[in-house]
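# Structural overview for review
Now for the letters of each chain:
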Amino acid sequence: MLLVDDQELVRSGLRRILRRKDGFVIVGECADGSEVPGAVAEHTPDVVLMDLRMKKVDGIRATRDLRSAAQPPPVLVLTTFDDDDLLSGSLRAGAAGFILKDSPAEDLIRAVRTVAEGGACLDPAVTGRVLATYHTVAPSSDGDGNRLTELTARELDVLALIGRGLSNSEIGRELGISGVTVKSHVGHIFLKLDLRDRAAAIVYAFDHGIVSPGDTGPDRGPAV
């Protein structure tokens, strides 16, 4: 993984948490977003842990620049409680999720693993506020709500549960279907709605009124 934060103290703390014995290999570090493209090209990390507030190039621009690459690694954003506008911007830029800097170590470890495996991670402590900000600042204006008519009733059920933060296994239990079937539905949803990943599906569900911020429970944990 690649660590991106302008504070050496923060990067040092992350190194102590994300240890090799737990399956993490930190292949590089950046102190500014301007360094990210070169570091990613050199080290090809499986996931980027990205700060938002940096002096030259912030995390939003760095994330957006990465998404334009042919095979960009997923980005997990590190944030503080007062970053709602920046977090909504990071989602629009293509981040796979976000987690608070003061989260317990086990939550950070779980979040990194989830994102590295292709999942999404939206910290429940701020998800409702951030998605409300996303909806206010960037409401859907391209008419893509009409694409919902392309989904089957079961796919709409699955999308709603994704929006509530359930994993594939939890969706399977909720709907009484197999994990393979859930994965197939998720793939069809992504294709029909032109969504790049699970984080985009969560945002889409909120943005189109399929779920509301209050539907995401704070006791669910960060991995979704």
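Preceding this paragraph is the structure being described.
Here we summarise the structure given alongside this text. Predicted model only: the values in this text are computed from it and were never measured.

Moving on, we get to the overall build of the protein. Counting secondary structure elements, the protein contains ten helices and six strands. By residue count, 50% of the 224 residues in the protein fall in the buried class. Counting only contacts in the protein whose residues sit at least 6 apart along the sequence, the fraction spanning at least 24 positions is 69%. Carbon and sulfur atoms make up 50% of the accessible area of the protein, which totals about 10,500 Å².

This next bit is on unusual backbone geometry. At T44, a position not held by glycine, the phi torsion is positive, near 45 degrees. Assignment of secondary structure puts T44 in the loop between α2 (36-43) and β3 (48-51). Judged by relative accessible area, T44 falls into the exposed class, the value being 60%. One non-glycine residue, D194, lies in the positive phi region at around 55 degrees. Mapped onto the secondary structure, D194 falls in the loop between α9 (179-193) and α10 (198-207).

What follows deals with α9. End to end, α9 covers 21 Å across 15 residues, agreeing with the expected 21 Å (1.5 Å per residue, within 8%). For α9, the complete set of buried residues consists of V182, H185, V186, I189, F190 and L193. Looking straight down α9, one finds its buried side chains confined to an arc of 135 degrees; they lie on one side. In α9, the exposed positions that point more than 90 degrees away from the buried face belong to V180, K183 and L191. Buried residues along α9 sit against α7 (153-163), α8 (168-175) and α10. Among the residues trailing α9, D194 stands out with phi positive, at a value near 55 degrees.

On to the pattern of salt bridges. The final tally for this structure, using the stated rule, is eleven salt bridges. Close ionic contact of D65 with R61 constitutes a salt bridge, the shortest N to O distance being 3.9 Å. Of the two residues, D65 and R61 are both situated in helix α3 (residues 59-67); the distance of four residues between them amounts to about one turn of the helix. Given the relative accessible area of 36%, D65 is considered partly exposed. Residue K192 pairs with E155 through a salt bridge whose shortest N-O separation is 2.9 Å. With a gap of 37 residues between them, K192 in helix α9 and E155 in helix α7 connect regions that are remote in the sequence. On the accessibility criterion, E155 (3% relative accessible area) is buried.

Now for the side chain of T79. Within the secondary structure, T79 is located in strand β4 (residues 75-79). In this structure T79 comes out as buried when scored by relative accessible area, which is 1%. In contact with T79, other than residues within four places in its own chain, are L52, L87, I99, L100 and K101.

Core analysis: the largest hydrophobic core is formed by 52 residues, its most contacted members being V36, M50 and L159. Tallying contributions element by element places α10 first for this core, with eight residues. The residues contacting V36, other than those within four sequence positions of it, are L2, V4, C30, M50, A62 and L66.

Here is what the cut-offs are and how they apply
- Residues numbered from 1 in each chain as written.
- Predicted model: local features only at pLDDT ≥ 70, side-chain atom pairs only at ≥ 80, totals over all residues.
- Heavy atoms only, no water.
- Helix = DSSP H or I, 4+ residues; strand = E, 2+ residues; numbered from the N terminus.
- Buried < 20%, exposed > 50% of the residue type's maximum accessible area, 1.4 Å probe, protein only.
- Contact = heavy atoms within 4.5 Å.
- Areas by Shrake-Rupley, 256 points an atom, 1.4 Å probe, with all protein chains shown as cover.
- Expected span 1.5 Å × (residues − 1).
- Arc of directions from axis to C-beta.
- Salt bridge = Lys/Arg side-chain N within 4 Å of Asp/Glu carboxyl O.
- Core = buried A, V, L, I, M, F, W, Y, C linked by side-chain atoms within 4.5 Å.

Read these as spatial facts, not as claims about activity.
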